[in-house]
Amino acid sequence: MTAASVISDQTWSRADLVACLQGRDEPLLLPLHFERCNFDEADLSRLDLRGAHFTLCQFAEASFDRALLSETRWAGCRARQADFGLADLTNARFQDCDLNNTQWTRAKLASALFTGVKLTGAHFAEVSALGIVFKDSLLVDAHLRSLSFRKQTLAQLDFSEADLSGCDFREAVFEGGSLRNAHLKLARFEGADLRDVDLGGLRLANAAQFKGATISHRQAASLVEELGLRVV
């Protein structure tokens, strides 16, 4: 197998992958590229997969605990309930992947990019996430406490019912998406543009934390109507 090989349509165990990595010639000229491979329930913890490309692969309930995954590329992969805890995913790229109910506790996600990704129920606890970016993704019921989105343009992000406690949205611009029924305790929105985002479930009692943010007339009317007043 050469460094340029594309490995396709295989089912992998930990032992198989370890043998594959050990059998590669050094220096590595090109990253490994897996297509339509099955890693379901595999223990891939602590493996060095830096720079690997995964296209249309399966990782359901796989473990990447403490794995080295910086510069990896993931396209069209399905990894429900996979565990990325303590993994190094610096500058990783995820495109059109199903990552529902994944675990990312204490992962390194600096400059990682998630585009068109399903992250419903995902748990990002104590992650290192300087420069992390989400675009056009589902983050429904996700745990995202204390992440910083400051000055970002947030395009079509569904944060419905997500735990956003302590998140920093200062000067962020929301382009569509939803904050409906999100948990926003101690979140900061000074200077944020919220005119295009769904604020359903927001109560006047919680409005103080949005001081300094911009909302639309329609959104303001919805808040006032909660008091039983009619806006004409």
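Residues numbered from 1 in each chain as written. Predicted model: local features only at pLDDT ≥ 70, side-chain atom pairs only at ≥ 80, totals over all residues. Heavy atoms only, no water.

Visitor: Account for the pattern of salt bridges, with residues named and values stated.
Guide: Between side chains of opposite charge, a pair can form as their charged atoms come close. This structure, assessed with the given rule, holds 14 salt bridges. Residue E61 is joined to R80 by a salt bridge in which the shortest nitrogen-to-oxygen separation is 3.3 Å. Of this pair, E61 sits in the loop between β3 (53-55) and β4 (73-75) while R80 sits in the loop between β4 and β5 (93-95), and the two are 19 residues apart along the sequence. Here the salt bridges do not stand alone but share partners, grouping D9, E35 and R36 into one network. (Salt bridge = Lys/Arg side-chain N within 4 Å of Asp/Glu carboxyl O. Helix = DSSP H or I, 4+ residues; strand = E, 2+ residues; numbered from the N terminus.)

Visitor: If you had to explain unusual backbone geometry to someone new, which residues and values would you point to?
Guide: Backbone geometry places E41, a non-glycine residue, at a positive phi of 65°. Secondary-structure assignment places E41 in the loop between β2 (33-35) and β3. Exposure remark for E41: the relative accessible area of 60% places this residue in the exposed category. At E71, a position not held by glycine, the phi torsion is positive, near 65°. (Buried < 20%, exposed > 50% of the residue type's maximum accessible area, 1.4 Å probe, protein only.)

Visitor: Residues and numbers for the side chain of D193, please.
Guide: Looking at the secondary structure, you find D193 in the loop between β9 (173-175) and α2 (217-225). Leave out the neighbours within four places in its chain, and D193 touches A172, V173, F174 and T214. (Contact = heavy atoms within 4.5 Å.)

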